[in-house]
Amino acid sequence: VFNRFRNISNTIKFTAYMPTKAWGHMMLFQAFNKILEFPKLSAVVNQTYLDFLAKTYRLSHNGHHGLEHWLRVLLNGRLLSEQNGADLEVVEHFALIHDVMRENENMDLHHGPRAAEFIRSIAGSWIKLEEHRLHKLMQACRYHSVGRLDRDVTIQTCWDADRLDLGRVGTTPKSSYLGSSLARDPNFIEMAIMRSKKRFVNEDFCD
C-alpha cells in the first residue's frame, strides 16, 4: 500500500506494534482500533506524487500538518465526495497539497496563498487539470484556513474534509463552518473526530 511509503519512511515516524501473539484479545482490539489503513491509490494519489510532496514539505511529518493529516483529509474528502458529487480529483489534490507550503505549525497566515502559487507552478506536470478545475483547486487552497463557506460543492468539500480533522488538535469541528448536510451530521463528525486521533501504520511493523 503506497509501496509502504518505502521511499520516505525516514521522514515519517510510524508507530511500531508488538507481535500480536504477545497480547490478549482485548489489547489486540484496542491497539488496532487506534490505527488506520492507508487510502487506496487513485489517478491522483500515487507513490511518486506523495514522495514529491513529502520532500517539498519543510516541517516535520510528525507534526499536526504533515502527511498523516493529508491522508485523513483525503479519507474525509472521499467519503463526502461519494455522497455530494464533488470533483474527486480536485478534492484529492487539495488533501495532499493544501498544507505543503507551511512554514510553521501555528499562525502561518499565508500558507494557503503560497499553496495556490505552488499549484500554479506545477500545473501541467504534477497536476493535470483543465483551467476551470485548476482554478477551483487554487481557490480551495488559497482560502482554506480563513473560515469561509462557498457555494461550489467541490471547494466546500475540500474545506469540510480539512475541518473535519480538527480533532487531532483537540478541537471539535463546528457545524456552522461545515457546508454539507453529511459533513454537519453529528454521527459523521464524531466518526471524523475518532479518525483524527488515529495513526496510519506501516505494515512492515506488523509482521
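Scroll up a little and you will see the structure.
In this text, all values refer to a predicted model and were calculated from it rather than measured experimentally.

(A) Representation of the overall build of the protein chain in the model. Along its length, the protein chain carries nine helices and two strands. The helix and strand sequence of the protein chain, counted from the amino end, reads α-β-α-α-α-α-α-α-α-α-β. Scored against the burial criterion, the 207 residues of the protein chain give a buried share of 48%. Partitioning the intrachain contacts of the protein chain with sequence separation of at least 6 by distance along the chain shows that 69% fall at a separation of at least 24. For the protein chain, the accessible area works out to roughly 10,700 Å², and carbon and sulfur atoms hold 53% of it.

(B) Main features of the pattern of salt bridges. Within this structure, the stated rule accounts for 14 salt bridges. Between arginine 133 and glutamate 130 there is a salt bridge, with the nearest N and O atoms lying 2.7 Å from each other. Assessed through its relative accessible area of 45%, glutamate 130 is described here as partly exposed. Each member of the salt-bridge network shares a partner with another, and the members are Glu68, Arg72, Asp165, Arg168 and Arg199.

(C) Layout of the state of the cysteines. Applying the stated criterion across every chain yields a total of zero disulfides. Here cysteine 141 stays unpaired: no disulfide links it, and the sulfur of cysteine 158, its closest cysteine neighbor, is 7.2 Å away.

(D) Layout of the packing of helix 2 (residues 47-56) against helix 4 (residues 88-97). Where helix 2 meets helix 4, the axes come as close as 10 Å, and the angle between the chain directions of the two elements is 35 degrees. Along the contact surface, helix 2 presents Tyr49, Leu50 and Leu53, while helix 4 presents His93, Leu96 and Ile97. Per-class residue counts for the contact of helix 2 with helix 4 are five nonpolar, one polar and no charged.

How each quantity is defined
Residues numbered from 1 in each chain as written. Predicted model: local features only at pLDDT ≥ 70, side-chain atom pairs only at ≥ 80, totals over all residues. Heavy atoms only, no water. Helix = DSSP H or I, 4+ residues; strand = E, 2+ residues; numbered from the N terminus. Buried < 20%, exposed > 50% of the residue type's maximum accessible area, 1.4 Å probe, protein only. Contact = heavy atoms within 4.5 Å. Areas by Shrake-Rupley, 256 points an atom, 1.4 Å probe, with all protein chains shown as cover. Salt bridge = Lys/Arg side-chain N within 4 Å of Asp/Glu carboxyl O. Disulfide = S-S within 2.5 Å. Axes fitted to C-alpha atoms, helices over the stretch in contact; angles between N-to-C directions. Nonpolar A, V, L, I, M, F, W, Y, C, P; charged D, E, K, R; others polar.

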